[in-house]
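These are the residues of each chain, in order.
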Amino acid sequence: MSHPALSIPAFAVPHAITPLLEVQDLQVHFGSKPAVRGISFTVHEGETLALVGESGSGKSMTALSVMGLLPDGGRASGTIRFAGRDTSTLSPAARRALRGGEIGMIFQEPMTSLNPVMTIGAQIVEALRQHQPLSRTAAKARALELIDLVRIPDPKRRFQDYPHQLSGGMRQRVMIAMAVACGPRLLIADEPTTALDVTIQAQVLELLDRLRRDLSMAVLLITHDLGVVGQWADRVAVMYAGRKVEEGDPSALFALPLHPYTQGLLRASPRLDDAQHYTQGPLTEIPGSIASAAGQDGCAFAPRCPQAVAACRAAVPSLRILESGRKVACPLAHQD
Amino acid sequence: MPLLSITDLSTHFRLPDGALRALDGVSLEVEAGETLGIVGESGCGKSTLGKTILRLVEPTAGAIAFDGDDITALPTGKLAPYRRRAQMVFQDPFASLNPRHTVAKILGDPLKVHGIGGLHERRRRVEDMLRRVGLGPDALDRYPHEFSGGQRQRIGIARALILEPDLVICDEPVSALDLSIQAQTLNLLARMKADLGLSYIFISHDLSVVRYFTDRVVVMYLGRIVESAPTRGLWARPLHPYTRALMASVPDPAQGRIALPLKGDLPSPQDIPRGCRFHPRCPLATDLCRSSEPELRDAGDGQSIACHHA
């Protein structure tokens, strides 16, 4: 450790060369309707990137594209590279092996992702044996370890339980156990705590973060909750109407949002740390709705933007990288 | 005299595998013009409380008095005058609006049922209310599915307000809405409160919204009130360990990571712990908490708590 060359973290070089996940100009259409309109981002080994946005922002369709699970009628274009491999060149079998193998997934509602007529133990065993050549006994032993890993008390008893016998928080832990069963390098978590109570949400997010560190996973976190992003993400990309409008370090970004949409979102949300009250005045609204972006040329946020000028309606603003490393897709945004 | 006063209200449901004590001895008052927040997690009884107050579900025990009149035992047929004065806004405006009725019918029917005005007068009132909630007259002949979530909630609010009630129970009215739409809806509710002199019972799991929107707060846990206080006072001095944990659990974008505030799962209201209901998850619990249930007691400055130790 005393040697100066060793003070550079060993992972610094591969980081710069190959991100774990690299999405380039992803577009998703349903018929002629665009859901994602050209988004690019990277996730590095071991990091948590949050995609944050409201309904219609395209964040879930982005995640589903990465998993190769777009709903029927959805067409994706662009490049998705995982660990350097272009996933579009993989055979269907190789893609299936990737999903649930190197890429784990959890969703908002664990009850709809779990089989109601199979014990949770049998489901974890099945997930394991689909990707690894394990005997029944070995898979069962591994499943018990996984149930313990996600801090479900009394794994032997819980192994025999059906999903309906578990609370919402416990069911999400089971989903997490299945998602990490094969030691994924990337975990995609789509609104993983949105259906949970706030004290349970805190527990599940803490568990996810601990697993991320212990298992050296990267996490792609999809959420609408700015608070969750601020506390758990290393980097955040704010999405609006299918595009990335701002990206940066969460604490810096929330302290000084530069895109008018990010600014609007933060002003619109009542916060626990200041003493806003309805008797002192209304919340600052973002007028209109995301639907007003439909059929727009130029910046999709322009119809709702208090700062919009004529140029905003003429061309889609490109994503600029500022000196601080912040990326922002607004020609009017400046840092000072 | 308070506008609403409930005393020792309990609502139990009989289920095949035992009783579910959704609401278990709750007393509170709502003053005219006040917004009372009800906050808590799943199974705390906050929604059952709202529905019981409106007699949409029947209480097992206790009393409900509205403007001095005991309405607990009124036969359903005599509830109409009460229902005209006390209305409800639901979380999911899609599930609570009849998909086969036009907006004109959704808003006009309550007036018709209560025998208010003739055809023209009703039409005038409906158009007026639509304008107040920010929708144009072109909405009249459209159906709920033609509107966005935020617009549907405006229709839900218009329906609750068309009878000019005194009390509106809002059950998670902004929980299903996007952040930018949430602010629009809260501002609308605040404006209507000022214009029509309403009182609100505002049921929510979202502490930041409750802090912004209410004058007084009641914190519930497994069917009981654990703490109640003026909103400002509660955030300045939360006393109950559950209230504190709840506040600490809310992630804030500007805050760093927090220590895990609470261990353990929420117990089921079918299996309520003995003694203090919160003791299995409470960092302060002692033998006393395991054996005896604390009563709500005065803690000064309008604050009350149900805790042996706080």
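Keep in mind that this is a model prediction, so the values were computed, not measured. (Residues numbered from 1 in each chain as written. Chains lettered and ligands numbered in written order. Predicted model: local features only at pLDDT ≥ 70, side-chain atom pairs only at ≥ 80, totals over all residues.)

Caption draft 1: Region of interest: unusual backbone geometry. Backbone geometry places A:Arg151, a non-glycine residue, at a positive phi of 60 degrees. Among the structural elements, A:Arg151 can be located in the loop between helix 6 (136-149) and helix 7 (155-159). Of note in the backbone geometry, B:Glu172 takes a positive phi value of approximately 50 degrees without being a glycine. Its place among the elements puts B:Glu172 in the loop between strand 7 (167-171) and helix 6 (179-196). (Helix = DSSP H or I, 4+ residues; strand = E, 2+ residues; numbered from the N terminus.)

Caption draft 2: Representation of the sheet that holds strand 3 (residues 35-39) of chain B within the structure. All names here are of chain B. Spatial strand order, 6-7-8-3-9-10-12-11: 8 strands in an open sheet with mixed pairing. Of all the strands in the sheet, just strand 6 (86-89) and strand 11 (297-298) have a single pairing partner and so form its edges. When strand 3 meets strand 8 (residues 199-204), the two strands line up parallel, connected through 5 bridges. Within strand 8, the residue paired with Thr-35 across the bridge is Tyr-200. Docked against the sheet, helix 5 (residues 149-161) engages strand 6 and strand 7, running at close to 175 degrees with respect to strand 6. (Pairing = 2+ DSSP bridges. Contact = placed C-beta atoms within 7 Å. Axes fitted to C-alpha atoms, helices over the stretch in contact; angles between N-to-C directions.)

Caption draft 3: Region of the structure containing the interface of chain A and chain B. On the chain B side, the residues contacting the 39 residues of chain A number 35 residues. Of all the secondary structure elements, the ones that give two or more residues to the side of chain A that touches chain B are helix 8 (168-179), helix 9 (198-214), helix 10 (226-232), helix 11 (250-255) and helix 12 (260-268) of chain A.

Caption draft 4: Representation of helix 4 (residues 119-132) of chain B within the structure. Residue and element names in this part refer to chain B. Between its first and last C-alpha, helix 4 extends 20 Å over 14 residues, near the 20 Å set by a 1.5 Å rise per residue. The complete set of buried residues in helix 4 reads Val-126, Met-129 and Leu-130. Along the axis of helix 4, the buried positions cluster into a sector of 100 degrees, meaning they face one direction only. Within helix 4, the exposed residues directed more than 90 degrees away from the buried face are His-120, Glu-121, Arg-124 and Asp-128. Taken together, the buried residues of helix 4 touch helix 3 (103-113) and helix 5. Just past helix 4, the residue Gly-134 takes up positive phi, approximately 90 degrees. (Expected span 1.5 Å × (residues − 1). Buried ≥ 20, exposed ≤ 12 C-beta atoms within 10 Å, placed from the backbone. Arc of directions from axis to C-beta.)

Caption draft 5: The arrangement of the sheet that holds strand 1 (residues 21-30) of chain A in detail. All names here are of chain A. Spatial strand order, 2-1-4-5: 4 strands in an open sheet with antiparallel pairing. Each having just a single partner strand, strand 2 (33-43) and strand 5 (85-86) make up the two edges of the open sheet. Direction of pairing for strand 1 relative to strand 4 (residues 74-82): antiparallel, over a ladder of 8 bridges. When the bridges of strand 4 are listed, Glu-22 appears paired with Arg-81. Contacts from helix 2 (residues 59-67) reach strand 1, strand 2 and strand 4 within the one sheet, and its direction differs from that of strand 1 by about 115 degrees.

Caption draft 6: Spatial organisation of the nonpolar core. With 179 residues, the main nonpolar core has A:Ile124, A:Ala177, A:Leu186, A:Ile188 and A:Leu220 as its most contacted residues. Discounting residues that sit within four places of it in the chain, A:Leu186 has contacts with A:Leu20, A:Leu21, A:Val43, A:Glu102, A:Ile103, A:Met217, A:Ala218 and A:Leu220. (Core = buried A, V, L, I, M, F, W, Y, C linked by C-beta atoms within 7 Å.)

Caption draft 7: Focus on the packing of helix 12 of chain A against helix 6 of chain B. It is at 9 Å that the axes of helix 12 of chain A and helix 6 of chain B come closest, and there the two elements cross at 45 degrees. For the element pair helix 12 of chain A / helix 6 of chain B, the angle class is oblique. Between helix 12 of chain A and helix 6 of chain B the crossing geometry is left-handed. On the side of helix 12 of chain A, the interface is formed by A:Gly264, A:Leu265 and A:Ala268, while helix 6 of chain B contributes B:Leu179, B:Ser180 and B:Ala183. When grouped by side-chain class, the residues that make up the contact of helix 12 of chain A with helix 6 of chain B number 4 nonpolar, 2 polar and no charged. (Parallel < 35°, antiparallel > 145°, perpendicular 65-115°, else oblique. Left-handed = near helix turned anticlockwise from the far one by under 90°. Nonpolar A, V, L, I, M, F, W, Y, C, P; charged D, E, K, R; others polar.)

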